[in-house]
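Coordinate analysis (summary)
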Amino acid sequence: MEQITRKAYAKINIGLDVLRRRKDGYHEVRMIMQTVDICDDLTFERTAQSGIVIRTDREELPVDGNNLIYKAADLLFQEKGITEGVMITLTKRIPIAAGMAGGSSDAAATMRGVNELFGMGYSVRELQELGVKLGADIPYCLVGGTMLSEGIGEILTPLPAPPDCFLVVAKPDINVSTGFVYGNLQADRLTYHPDIDGMIEALRAGSLSGVTDRLGNVLETVTVREYPVIEEIKELLRSKGAENALMSGSGPTVFGIFKKRETAEVAAQAVSNRQLAGQIFVTTFHEGAE
Ligand code: ATP
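Below: a short report on this structure. (Residues numbered from 1 in each chain as written. Predicted model: local features only at pLDDT ≥ 70, side-chain atom pairs only at ≥ 80, totals over all residues. Heavy atoms only, no water.)

1. Let's talk about unusual backbone geometry
Residue Gly251 is joined to Pro252 through a cis peptide bond whose omega torsion reads 0 degrees. Along the chain, Pro252 falls in the loop between strand S9 (244-247) and strand S10 (254-258). Here Ala97, not a glycine, exhibits a phi torsion of approximately 50 degrees, which is positive. Within the element layout of this structure, Ala97 appears in the loop between strand S4 (85-91) and helix H2 (102-117). At Ala101, a residue that is not glycine, the phi angle is positive and equals roughly 55 degrees. Looking at the element boundaries, Ala101 is found in the loop between S4 and H2. Exposure remark for Ala101: the relative accessible area of 12% places this residue in the buried category. (Helix = DSSP H or I, 4+ residues; strand = E, 2+ residues; numbered from the N terminus. Buried < 20%, exposed > 50% of the residue type's maximum accessible area, 1.4 Å probe, protein only.)

In structure tokens form, the structure reads like this:
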């Protein structure tokens with residue numbers, strides 16, 4: 001086998017709580033992660049010449065050792081002492097620096113792809129243990145689906161998928177760094193915590209309203225103050241029929257949950273008409289990483 005293709009799916013957080021800041025600077029989280037049907041495509045090709053070469057359709061992305069794809073391939077090459085090379089072609093659709101784990105998902109897809117292409121024989125569990133060194137979301141991205149994510153993000157418990165519904169995902173044209181958001185979060189001063197346990201119960205009961213009534217993300221305390229457009233999009237989505245709306249991860253992407261595709265499409269158009277977001281998708285949840 002000389003060439004294979006893998007998809008890297010984006011995630012949203014339907015619940016995101018921060019319990020505390022640890023002494024080492026990491027934050028202890030309690031999040032409910034959900035894969036959505038927006039993906040990047042990655043093609044992996046063995047090359048006789050040694051080294052890792054990345055090609056991408058997005059010129060703002062690094063193609064050197066700063067790309068998470070490079071780091072993921074390099075990690076596995078080092079572990080297994082591989083002297084051949086690989087050419088990786090990335091077609092990017094997941095919004096960049098958006099709170100949708102695009103880079104982590106590309107890294108996870110790279111670990112799976114390189115593992116298979118070079119017959120390395122790693123189990124998913126082993127890839128998760130290696131991947132967490134590159135990023136806290138990578139263990140989740142290797143499996144995807146609906147998961148409770150605890151610790152720094154590496155302790156994963158599978159949950160039932162939410163009932164079928166439609167999503168509007170809107171990324172405003174602002175850049176929000178994850179470091180800035182966590183750096184400005186006053187974890188010990190939070191007066192509100194999302195009802196993660198209640199949401200788990202709602203997922204087990206298959207109740208969409210139980211889920212949408214409990215959407216919550218403590219990182220909004222930092223971003224909404226700084227970027228009012230986030231709240232503006234949430235309000236617009238709700239006024240156009242969303243069951244509820246929330247910012248994903250450290251933002252700035254906002255999603256709204258809808259019962260009907262037609263309603264979601266009208267709401268997406270409204271966000272576009274008001275020029276609140278440059279990247280807008282109408283999509284659904286997706287089952288897992290593959
Ligand atoms: P998270 O939800 O994990 O915080 P994110 O959606 O906020 O992720 P990413 O899109 O993963 O952010 O990328 C953040 C930064 O990482 C970008 O500014 C980019 O320069 C760099 N980066 C490195 N590799 C990649 C990649 N493969 N895809 C996207 N960004 C990458």
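After presenting the structure, the write-up continues.
2. Let's talk about the site of the ligand
Neighbouring residues of the ligand: 20 residues in total, closest Asn67, Ala97, Gly99, Ala101 and Gly103. A distance of 3.1 Å separates an oxygen atom of the ligand from a polar atom in the backbone of Ala98. At 3.0 Å from an oxygen atom of the ligand is found a main-chain nitrogen or oxygen belonging to Gly99. Look at the ligand: alone it shows 620 Å² of surface, and the protein chains cover 78% of it. Counting residues per element, the shell around the ligand draws most heavily on H2, at four residues. Classifying every residue of the shell around the ligand gives nine nonpolar, seven polar and four charged. (Near = heavy atom within 4 Å. Polar contact = N/O pair within 3.5 Å; in protein donor to acceptor, adjacent residues only side chain to side chain. Areas by Shrake-Rupley, 256 points an atom, 1.4 Å probe, with all protein chains shown as cover. Nonpolar A, V, L, I, M, F, W, Y, C, P; charged D, E, K, R; others polar.)

3. Some details on the environment of Glu290
Counting through the fold element by element, Glu290 comes out in the segment after strand S11 (279-283). The exposure class assigned to Glu290 is exposed, which follows from its relative accessible area of 60%. Sequence separation between Glu290 and Arg6 is 284 residues, and the spatial gap between their C-alpha atoms is 7.7 Å. Contacts of Glu290, omitting those with residues within four sequence positions, involve Arg6, Tyr9 and Arg112. (Contact = heavy atoms within 4.5 Å.)

4. Comments concerning the nonpolar core
Formed by 67 residues in total, the largest nonpolar core has its most connected members in Val18, Met111, Ile233 and Leu237. One finds Ile12, Ala98, Ile196 and Ala202 within the second-largest nonpolar core, a separate group that totals 26 residues. (Core = buried A, V, L, I, M, F, W, Y, C linked by side-chain atoms within 4.5 Å.)

5. A look at the pairing of strand S2 (residues 27-47)
Of all 21 residues in S2, 16 are buried, a share of seventy percent or more. The sheet contact formed by strand S1 (residues 3-21) and S2 spans 17 bridges and is antiparallel. Bridging from a neighbouring strand, Ala8 pairs with Asp40 of S2. For S2 and strand S5 (residues 146-151), the ladder comprises six bridges, and the chain directions are antiparallel. The residue of S5 that forms the bridge with Ile32 is Leu148. (Pairing = 2+ DSSP bridges.)

6. Regarding the pairing of S4
Working note: regular strand, side chains alternate between the two faces of the sheet. In the sheet, S2 pairs with S4 via seven bridges, with the strands oriented antiparallel. Among the inter-strand pairings, Thr43 is bridged to a residue of S4, identified as Thr89. Note that strand S3 (residues 51-56) and S4 share six bridges and pair parallel. Looking across to S4, one finds that Val53 is bridged to Met87. Considered for its hand, the β-α-β crossover made up of S3, helix H1 (residues 68-80) and S4 is left-handed. (Right-handed = clockwise from strand over helix to strand, strands pointing away.)

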